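Chain residues, written in single-letter form:
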Amino acid sequence: MKRAVTPGTFDPITNGHLDVISRAAQLVDEVVVAVAASRKKGPLFSLEERTRLAREATAHLPNVRVEPFDGLLVDFAHEIGATIVVKGLRAVTDFEYEFQQTALNYQLSPELETVFIMSPPQYMYLSSSIVREIASMNDEKLESFAPDCVCKALREKFSSRR
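The following refers to the structure shown. (Residues numbered from 1 in each chain as written. Predicted model: local features only at pLDDT ≥ 70, side-chain atom pairs only at ≥ 80, totals over all residues. Heavy atoms only, no water.)

## Some words on the environment of alanine 24
Link 1 in the chain: Relative to the helices and strands, alanine 24 is located in helix 1 (residues 15-25).
Link 2 in the chain: Looking at alanine 24, the relative accessible area reads 2%, which means it is buried.
Link 3 in the chain: Considered as a pair, alanine 24 and valine 115 are 91 residues apart in the sequence and their alpha carbons are 9.3 Å apart.
Link 4 in the chain: Those residues in contact with alanine 24 that lie beyond four places of it in its chain are Val31, Val86 and Ile117. (Helix = DSSP H or I, 4+ residues; strand = E, 2+ residues; numbered from the N terminus. Buried < 20%, exposed > 50% of the residue type's maximum accessible area, 1.4 Å probe, protein only. Contact = heavy atoms within 4.5 Å.)

Put into C-alpha cells, the structure is as follows:
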C-alpha cells in the first residue's frame, strides 16, 4: 500500500489545501493529512479544532484520514508507514522554503520521497492567513475560499471577538 503524508498547520484548512489533498488521493492508496501542532506560529485554532475541521472537510474522500502530530515530520511519516510527502506549491516563494525543507528531510530520511503538486490558478494566492483575514472582516464571500465547516468555525471565532 502506498501511503502519503500531507503535512501542514491547516489554520484553517482552505479550498487550496483540499485541492492538493484530493489530487494526492488520486495518486496513492492512502493520504494522511498531518496537522502540525505548530505552537510557535500561534495558531488561531487549537490543534484539536484544526484536526476536527480537517476531518470534516475531507470526510468525502474515502482514502484520506487526518491525524495530529507534534515533532519531526520524518518521524511521524515513519510512525504511520508513509513513504511519500506531498506538498502543494503556489508560487516561487513557496518553492524556496519547500526546497529547503525537502533537503533537510532527505538528510534525515533519504527513503522518504517528496512530491510537489502545483496549485491551479484559482488557488495560487490562497493561504490560511488570507482566509483568516477575510473572516476577521466578516466578508460574506468566505465560502469561495474555504469549506463550509471552516467558514462556520471562523464566523463563530470572530463573532466572539467583536
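## Some details on the sheet that holds strand 1 (residues 3-8)
Link 1 in the chain: Read across the open sheet, the five strands follow the order 3-2-1-4-5; overall the sheet is parallel. Edge strands, defined here as strands with exactly one partner in the open sheet, are strand 3 (64-69) and strand 5 (113-118). Between one strand axis and the next, the sheet turns by 30 degrees as a mean value, whatever way the strands run.
Link 2 in the chain: As defined by bridge partners, strand 4 (residues 84-89) adjoins strand 5 across six bridges and the pair is classed as parallel. Looking across to strand 5, one finds that glycine 88 is bridged to isoleucine 117.
Link 3 in the chain: Sheet strands in contact with helix 2 (residues 47-58) are strand 2 (30-36) and strand 3, and its direction is about 175 degrees off that of strand 3.
Link 4 in the chain: Here helix 3 (residues 73-80) sits on the sheet in contact with strand 1, strand 2, strand 3 and strand 4, set at roughly 145 degrees to strand 1. (Pairing = 2+ DSSP bridges. Axes fitted to C-alpha atoms, helices over the stretch in contact; angles between N-to-C directions.)

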